[in-house]
Amino acid sequence: MATRSFAGILSLFLIFLGSGAMATEFPALSALRAEGALVSALAVRLGENRVLATSEPERPLSPASVTKLYTAAAALETWGPEHRFSTYLYVRGPLRNGQLDGDLVLRGGGDPALTEDKLRFLAEEAARLGLREVTGGLVVDDSRFGPLDCNVKDRCEAEAGTINSYDAPISAVGVNFSNVAVLVVPGEKPGDPARVALDPTELPSLALEAKVKTVARGGQLFVGRVTRGDRDILQVTGSINVDRGPVRVWRSIANASLHTGELFLHFLTRAGITVKGETQVESTVSGVGEPLADVEGQPLWQTLHDMQRFSNNVIADAMALSLLAEREDAPVPLTIAAAGGNLQSYGQEISTNSSLPSSRASELTLFDGSGLIPENRVSARDLVALLAHIYDRYALFPSFLGSLVVPEFAAGRSLRRTRDPDWLQRLAVKSGGLGEPVSVVTLAGYLRLPDGSWCAFATLVNGTPKRRSVSRAKVFEAIRKDLARLPAAQ
C-alpha cells in the first residue's frame, strides 16, 4: 500500500515537473464527475512535451470513434500518404478473339473506398482490351479478408435489417462502403406519388418496396432494409416536399461481396460484355488466373480524410484488416478483433516509448479499428502520446493533420454549436460517441496556440451504470471552456 501511494505521489510530482509548474486541471470536465461521469483528459504543448492540463490522464475509458486515430496513424506509417489500393480483374482460361473460355475474376485488394465509378472504369477497360464474351461465370474473390463474422451488436443485428448506413459489413471488395442508394424524386404537385428507384440500378439480390407521396410541406421519409434469404429489400415510405430536389438515401446491405459482383456484371453488360455463367463469391484463394486489368483507388490521404470527416466505420475496419494482412504472421482467417489487436500493439509501443509522464504501464485495449466496440479502452495519455508521435514524424504529420476535422467545417452540427473563433478555427480533431451500454463522448486532436506552436489534447467522458447518459453538447462545451483556460492559450 505504501509503495502504491509513493508511486502516486511520484506521478503527480513528475506531471508537475514536466509541466514547468504551470499544469492545471480541466475544471469544467472535472465537474462532470460530480454528476456521475468518468473523465480522462490531458493537454500537452508539443515540441517540449510540457503538460498544460491534466485530469486522470491514465484512466482507460471507451474511446468510441477516436479509435480511428490509431488506424490513420498506423496506415500512414505503413504505406505513406500517396498509397493507393487496387482492385483487379483476372481471367481463368484462354482468351481468344474476344471470347474467354472460363471465368472472369474480380479480385478485391481491400480498397476501403471502392466506388461504383471504379467498377464502371474496370468494366470499360476490359471491353477496351477486347473482351466480348465470357463462357463461364463472374467470380468475386474477397479472399484478401476472407469471410468475416459480424463483430459487434450493430453489425450482427443489421444482417437481418437496418435503418442505418454505418453498420455495414466488411468485404475486401465491398463497393460504396457496402451501402446501396435509394433515389426519391417528388411528384409535380402535392398528392402525386413520388418516384422511388434504386440507384444506379436494380440488381437480382435487391428489391424495392416503396410508397411515398408528395406533400406541400412537412415531408418525412422512412428508409429501411430487411433481408429475406439472399435478397435485400429496401422499404421506403412516408412523404417528400414538392419543392425539394431529388433525395438520395444510403442504407447498408447484408451481402457486400455479392452486391459488388452484381453491380460489376451490370457495368460489364453496359460495356458490351456478355457473361453466360452465374455470379458467385469465393472467400478462399483457388487459382487467381492471368491478370487482365486493374484500377487504383484514391490516395490514402484522401481516404483518411473521408474516414475522419464522416467517421466511416467501413473504411476504418477494412484498413485495419489490410494492415493485419500485410504481416507475415497474420492469422488465418483474419478477424476484426485480430486487426484491433494489431493496432493495440502499435499503440502500446508508442505509449511505452513516449516521454510523457507516466506512473504505470498502458492499459490500451483495442478490438477493432473503427471504435464501434464499446469494450475498447484508451486513456488520454495514450492518445496524446500517439498525437505527439505523429507530430514528430515530419513527413507524415501534414497528411495526418489534414485528415482531421476543423470544427468550422465539420459535416455535423455538434462541433459548430459555438461562436468561439478559437474553437472553430484553431482545432483539428476527431470526435467519438456511443450510446450503449453507456454514453461515450470523446474528442482528441491538435490546438494551434496563439504563438504558433501546437498543443495535443485528448478528452474522454464515459457514462456509468448510475449515470448512463452524458450530454454530447454539454461535454463539448466543457472541453471548449477548459481549452480556453490553458496557460499557453491565454
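All of these numbers come straight from a predicted model, not from anything done at the bench.

Attention now moves to the overall build of the protein chain. Helix and strand counts for the protein chain come out as 13 helices and 21 strands. For the protein chain, whose C-alpha radius of gyration is 25 Å, the value lies close to the compact-globule estimate of 23 Å for 490 residues. In terms of overall dimensions, the protein chain has C-alpha extents of about 80 × 60 × 40 Å along its principal axes. Every one of the 490 residues in the protein chain was classed for burial, and the buried ones make up 54%. When contacts within the protein chain are restricted to residue pairs at least 6 apart in sequence, long-range pairs at least 24 apart make up 73% of them. For the protein chain, the exposed area adds up to about 21200 Å²; of that, 51% sits on carbon and sulfur atoms. If you average the places of the 51 positive and of the 54 negative side-chain charges in the protein chain, the two averages end up 8 Å apart.

Another aspect to go through is helix α7 (residues 300-309). Among all positions in α7, only L300, T303, L304, D306, M307 and Q308 are buried. Where α7 is buried, its residues touch α3 (68-79), α8 (313-325), α11 (397-403) and β19 (427-434). One or two residues past the end of α7 sits S311, with phi positive at roughly 50°.

What follows concerns the pattern of salt bridges. Per the counting criterion, the structure on display carries 24 salt bridges. Connected through shared salt-bridge partners, R45, E48, R50 and D451 make up one network.

Right, let's talk about the packing of α3 against α8 for a bit. Between α3 and α8, the least distance of the axes is 10 Å, while the angle of their chain directions is 45°. The orientation of α3 relative to α8 falls into the category oblique. Here α3 and α8 pass one another in a crossing that is left-handed. For the pair formed by α3 and α8, the contact residues are K68, T71, A74, A75, T78 and W79 on the first element and N313, A316, M319, A320, S322 and L323 on the second. Across the contact of α3 with α8, the residue classes break down as 7 nonpolar, 4 polar and 1 charged.

This brings us to the packing of aromatic side chains. This structure, assessed with the given rule, holds 8 aromatic pairs. Look at F397 and W454: their rings are 5.8 Å apart centre to centre, the planes differ by 80°, and that puts the pair in the edge-to-face class. Of this pair, F397 sits in helix α11 while W454 sits in strand β21 (residues 454-462), placing them 57 residues apart in sequence. Look at F400 and Y446: their rings are 6.4 Å apart centre to centre, the planes differ by 85°, and that puts the pair in the edge-to-face class. You can see F400 sitting in helix α11 and its partner Y446 sitting in strand β20 (residues 440-448), a full 46 residues away along the chain. Of the residues examined, F400 reaches a relative accessible area of 0% and is grouped as buried. These aromatic residues form a ring-pair network of at least three members: Y391, F397, F400, Y446 and W454.

Between its first and last C-alpha atoms helix α4 (residues 116-128) spans 18 Å; for 13 residues at 1.5 Å apiece the expected length is 18 Å, and the two agree. Residues of α4 that are buried include every one of E116, L119, L122, A123, E125, A126 and A127, and no others. The inward-facing, buried residues of α4 contact β3 (86-92), β6 (103-107), α6 (256-270) and β18 (290-296). One or two positions beyond α4, positive phi appears at G130, with a value near 105°.

Mean pLDDT over the protein chain: 93, with 95% of residues reaching 70 or higher. The model gives residues 1-21 a pLDDT under 50, and that stretch makes 16 contacts with residues more than four places away or in other chains.

This part covers the sheet that holds strand β17 (residues 279-282). One open sheet accounts for 5 strands, arranged β17-β8-β6-β3-β18; its pairing is mixed. Taken across any chain shown, the strands that pair with only one partner, and hence form the sheet edges, are β17 and β18. Taken over all neighbouring pairs, the strand axes of this sheet differ in orientation by 20° on average, direction set aside. Pairing geometry for β3 and β6, over 5 bridges, is antiparallel. Across the sheet, the residue bridging to V91 is L104, located in β6.

Time to look at the environment of F267. Examined against the element boundaries, F267 turns out to sit in helix α6. Taking the C-alpha atoms as reference points, F267 and G161, 106 residues apart in sequence, are found 27 Å from one another.

Spatially, β9-β13-β14-β12 is the arrangement adopted by the 4 strands of the open sheet, whose pairing is mixed. The sheet is open, and its two edges are formed by β9 (161-162) and β12 (206-215), each paired on a single side. Strand direction decides the pairing type here: strand β13 (residues 221-228) and strand β14 (residues 231-241), joined by 8 bridges, are antiparallel. Each residue of the ladder has a partner; that of R225, found in β14, is L234.

Analysis parameters
- Residues numbered from 1 in each chain as written.
- Predicted model: local features only at pLDDT ≥ 70, side-chain atom pairs only at ≥ 80, totals over all residues.
- Heavy atoms only, no water.
- Helix = DSSP H or I, 4+ residues; strand = E, 2+ residues; numbered from the N terminus.
- Rg over C-alpha atoms; globule rule 2.2 N^0.38 Å.
- Buried < 20%, exposed > 50% of the residue type's maximum accessible area, 1.4 Å probe, protein only.
- Contact = heavy atoms within 4.5 Å.
- Areas by Shrake-Rupley, 256 points an atom, 1.4 Å probe, with all protein chains shown as cover.
- Lys, Arg positive; Asp, Glu negative; His and termini not counted.
- Charge placed at Lys NZ, Arg CZ, Asp CG, Glu CD.
- Salt bridge = Lys/Arg side-chain N within 4 Å of Asp/Glu carboxyl O.
- Axes fitted to C-alpha atoms, helices over the stretch in contact; angles between N-to-C directions.
- Parallel < 35°, antiparallel > 145°, perpendicular 65-115°, else oblique.
- Left-handed = near helix turned anticlockwise from the far one by under 90°.
- Nonpolar A, V, L, I, M, F, W, Y, C, P; charged D, E, K, R; others polar.
- Phe/Tyr/Trp six-rings, centres within 6.5 Å; stacked < 30°, edge-to-face > 60°.
- Expected span 1.5 Å × (residues − 1).
- pLDDT = per-residue confidence, 0-100.
- Pairing = 2+ DSSP bridges.

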